[in-house]
Amino acid sequence: MALVFRTAMQLVGLSLSLLGWVLSIITTYLPHWKNLNLDLNEMENWTMGLWKTCVIQEEVGRQCKDFDSFLALPAELRISRILMFLSNGLGFLGLLVSGLGLDCLRAGQRQQDLKTRLLILGGILLWTSGVAALVPVSWVAHITVQEFWDETIPEIVPRWEFGEALFLGWFAGFSLLLGGCLLHCAACSASAPGASGRYAVAEMRPQCPYLENGTADPQV
């Protein structure tokens, strides 16, 4: 029963981590980190991502323009690019390492200690990937809120608001965090039966000489 529960925890953790990793990649390239609706022209909407800015018009459709220079970007967008790439890379490594440590994988069944270490390492990588995804999303959201309520900007100037990519990034980050924690808990629970088994073997060893004599009396 414990083995089934541990295997199920590993599969759920890996599935959540895979979902969070895919959503993190989508968040990185989705041009909807910020939305801007113009009150003077309701038929025109602006969106901004880490790589480009888009304008959506009913007559023309969507038109996008890539950012010309990386150094000309605001600090939050520059660091967000780096952290999102870091999150995607760590997530891939975490999924690869955790997959090799699953109990349902037949390879390496005799090296249970190694598979436990792989699960722990994979859980740490995925947890770090989740943090690396949450930091840029939360930072951009914080800057957006500050600019929206900035009293020094005239009220007639349009304000940027949260885009869909921010909510997708939050969901991706928390999925990676939860998946990494589940894999780590499954690895810790896997080490308990092994320890108790070794303790039982250690207790049985002093009785072996008596059994070899063919009697239960230690004085014979």
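If you're wondering where the values come from, they're calculated on a predicted model, not measured in any experiment.

Asker: Describe the overall build of the protein, naming the residues involved and giving the relevant values.
Answerer: Check the secondary structure of the protein and you find 5 helices and 5 strands. Moving toward the C terminus, one meets the helices and strands of the protein in the order α-β-β-β-β-α-α-β-α-α. Each of the 220 residues in the protein was classed as buried or not, and the buried ones make up 37%. A total of about 13,400 Å² of accessible surface is found on the protein, and carbon and sulfur atoms cover 66% of it.

Asker: Describe the pattern of salt bridges, with residues and values.
Answerer: Within the structure shown, the criterion is met by 2 salt bridges. Across the pair E147 and K34 runs a salt bridge whose closest N-O atoms are separated by 4.0 Å. Within this pair, whereas E147 is found in helix α3 (residues 112-148), its partner K34 is found in strand β1 (residues 34-37), the two being separated by 113 residues in sequence. Here E147 falls in the partly exposed class, since its relative accessible area comes to 34%. Assessed through its relative accessible area of 5%, K34 is described here as buried.

Asker: Which residues make up the state of the cysteines, and what values do they have?
Answerer: Applying the stated criterion across every chain yields a total of 1 disulfide. Bridging C54 to C64, the disulfide has an S-S length of 2.0 Å. Because the torsion about its S-S bond is 105 degrees, the bridge between C54 and C64 counts as right-handed. With C54 in strand β3 (residues 52-57) and C64 in strand β4 (residues 61-66), this pair connects stretches of sequence that are 10 residues apart.

Asker: Before we move on, can you summarise the confidence of the model for the protein with the specific residues and values?
Answerer: Residues at a pLDDT of 70 or more form 81% of the protein, whose mean pLDDT is 83. At the level of individual helices and strands, the protein shows its lowest average pLDDT in helix α5 (residues 208-212), which scores 41, and its highest in helix α2 (residues 75-100), which scores 95. Across residues 192-220, where pLDDT falls below 50, the model places 5 contacts with residues more than four positions away in sequence or in other chains.

Asker: How would you explain the environment of P158 if you had to name every residue and give the values?
Answerer: Along the chain, P158 turns up in the loop between α3 and β5 (161-162). Considering only alpha carbons, one finds P158 and L36, 122 residues apart in sequence, at a separation of 7.1 Å. In this structure, P158 is in contact with L36 and L38, ignoring residues within four places of it in sequence.

Asker: I'd like to hear about the side chain of S80, residue by residue, with values.
Answerer: By the secondary structure assignment, S80 is in helix α2. Overall, S80 belongs to the buried group, its relative accessible area being 0%.

Asker: Talk me through the sheet that holds β1; I want residue IDs and the actual numbers.
Answerer: Read across the open sheet, the 5 strands follow the order β4-β3-β2-β1-β5; overall the sheet is antiparallel. Taken across any chain shown, the strands that pair with only one partner, and hence form the sheet edges, are β4 and β5. With 4 bridges connecting them, β1 and strand β2 (residues 44-48) associate as antiparallel partners. The residue bridging L36 from the neighbouring strand is W46, located in β2.

Asker: I'd like a rundown of the environment of L16, residues and numbers included.
Answerer: Mapped onto the elements, L16 comes out in helix α1 (residues 2-29). Distance from L16 to L177, taken between C-alpha atoms, is 8.9 Å for residues 161 residues apart in sequence.

Asker: Account for the packing of α2 against α3, with residues named and values stated.
Answerer: For the pair α2 and α3, interaxial distance at closest approach is 8 Å and the crossing angle is 160 degrees. The pairing of α2 with α3 is recorded here as roughly antiparallel in orientation. The hand of the α2/α3 crossing is left-handed. Per-class residue counts for the contact of α2 with α3 are 21 nonpolar, 9 polar and 2 charged.

The rules behind each value
- Residues numbered from 1 in each chain as written.
- Predicted model: local features only at pLDDT ≥ 70, side-chain atom pairs only at ≥ 80, totals over all residues.
- Heavy atoms only, no water.
- Helix = DSSP H or I, 4+ residues; strand = E, 2+ residues; numbered from the N terminus.
- Buried < 20%, exposed > 50% of the residue type's maximum accessible area, 1.4 Å probe, protein only.
- Areas by Shrake-Rupley, 256 points an atom, 1.4 Å probe, with all protein chains shown as cover.
- Salt bridge = Lys/Arg side-chain N within 4 Å of Asp/Glu carboxyl O.
- Disulfide = S-S within 2.5 Å.
- pLDDT = per-residue confidence, 0-100.
- Contact = heavy atoms within 4.5 Å.
- Pairing = 2+ DSSP bridges.
- Axes fitted to C-alpha atoms, helices over the stretch in contact; angles between N-to-C directions.
- Parallel < 35°, antiparallel > 145°, perpendicular 65-115°, else oblique.
- Left-handed = near helix turned anticlockwise from the far one by under 90°.
- Nonpolar A, V, L, I, M, F, W, Y, C, P; charged D, E, K, R; others polar.

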